[in-house]
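# Chain and residue survey
The chain contents come next:
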Amino acid sequence: MRRRNLIAALFLLALGAGYGILTTQLPVRSLPDTPGPPFFPWINTIVILALSATLLVQGLVGADGPVPPRAAGRQRAIWALGVFVVYLATLPGLGFILATAPFFAALMVLFGEARPLRVAVGAIVATGLLYLLFRHGFNVFLPTGLLKGIVP
């Protein structure tokens, strides 16, 4: 597992560096109080590089967490993909808030959280924070779905 982490980290660091180089070539817009075209690609670059560096350090230190058996990991990945497909299918009709909270709750249960209160609070808080971040922080309009007229 340690060798795989090192190889994956180096590959992802190279990919993130290449993505960052391509991001520098995007045009800069000079409208006041707007993020501009390179804003989200820079966020992606920073996240990819930070997570890759973390994986590299973890591989060098040799800190491996518990590894699920291959069959269990594969089964969990298939279920997570299925939940994601359902989320994408319901997102336009239900809207961001009503589709995302159950999506987060399903993923939390799928990955081992068994306490219902923690699942409910975690899903609602995460959905609310993401909504506030994108709607009011980035001025990105999210699908309202069934809550049209209720949610601004």
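In this text, all values refer to a predicted model and were calculated from it rather than measured experimentally. (Residues numbered from 1 in each chain as written. Predicted model: local features only at pLDDT ≥ 70, side-chain atom pairs only at ≥ 80, totals over all residues. Heavy atoms only, no water.)

The next thing to look at is the packing of aromatic side chains. All told, the structure shown has six aromatic pairs when counted by the stated rule. Aromatic pair Phe 84 and Phe 103: ring centres 6.1 Å apart, planes at 50 degrees, arrangement tilted. Of this pair, Phe 84 sits in helix H3 (residues 70-94) while Phe 103 is found in helix H4 (residues 96-110), placing the two residues 19 residues apart along the sequence. Using a relative accessible area of 36% as the deciding quantity, one classes Phe 84 as partly exposed. An aromatic cluster of three or more residues is present, and its members are Phe 84, Tyr 87, Phe 103 and Phe 104. (Phe/Tyr/Trp six-rings, centres within 6.5 Å; stacked < 30°, edge-to-face > 60°. Helix = DSSP H or I, 4+ residues; strand = E, 2+ residues; numbered from the N terminus. Buried < 20%, exposed > 50% of the residue type's maximum accessible area, 1.4 Å probe, protein only.)

So, on to the environment of Ala 53. Looking at the secondary structure, you find Ala 53 in helix H2 (residues 39-61). Once the C-alpha coordinates of Ala 53 and Leu 6 are considered, the two residues, 47 residues apart in sequence, prove to be 9.9 Å apart.

Under the definition given, this model contains one cavity of 30 Å³ or more. When its volume is computed, the largest cavity comes out at roughly 30 Å³. Taken together, Phe 96, Ile 97, Tyr 131, Leu 142, Pro 143, Thr 144, Leu 147 and Val 151 make up the full set of residues lining the largest cavity. Looking at the lining of the largest cavity residue by residue, the classes come out as seven nonpolar, one polar and no charged. (1 Å grid on protein atoms, 1.4 Å probe; cavity = no way out; pocket = protein on both sides within 12 Å on 5 of 7 lines; lining within 4 Å. Points joined across faces, edges and corners; volume = space filled by probe spheres on them. Nonpolar A, V, L, I, M, F, W, Y, C, P; charged D, E, K, R; others polar.)

On to the environment of Asn 5, then. Of note, Asn 5 is situated in helix H1 (residues 2-24). Residue classification places Asn 5 among the buried residues on the basis of a relative accessible area of 10%. In this structure the C-alpha to C-alpha distance between Asn 5 and Leu 147, which are 142 residues apart in sequence, comes to 43 Å.

One can describe the packing of H4 onto helix H5 (residues 116-137) by two numbers: an axis separation of 8 Å at closest approach and a directional angle of 135 degrees. Here H4 lies oblique to H5, going by the angle between them. Handedness of the H4/H5 crossing: right-handed. Contacts between H4 and H5 pair Phe 96, Ile 97, Thr 100, Ala 101, Phe 104, Ala 105, Met 108 and Val 109 from the former with Arg 118, Val 119, Gly 122, Ala 123, Ala 126, Thr 127, Leu 130 and Tyr 131 from the latter. (Axes fitted to C-alpha atoms, helices over the stretch in contact; angles between N-to-C directions. Parallel < 35°, antiparallel > 145°, perpendicular 65-115°, else oblique. Left-handed = near helix turned anticlockwise from the far one by under 90°. Contact = heavy atoms within 4.5 Å.)

Moving on, we get to H2. Note that an α-helix has 3.6 residues per turn; residues three or four places apart therefore point the same way. The terminal C-alpha atoms of H2, which comprises 23 residues, lie 33 Å apart, in line with the 33 Å expected from a rise of 1.5 Å per residue. Buried residues of H2: Pro 41, Thr 45, Ser 52, Leu 55 and Gly 59, and no others. Tucked inside the fold, the buried residues of H2 contact H1. After H2 finishes, the residue Gly 62 shows a positive phi value of roughly 90 degrees. (Expected span 1.5 Å × (residues − 1).)

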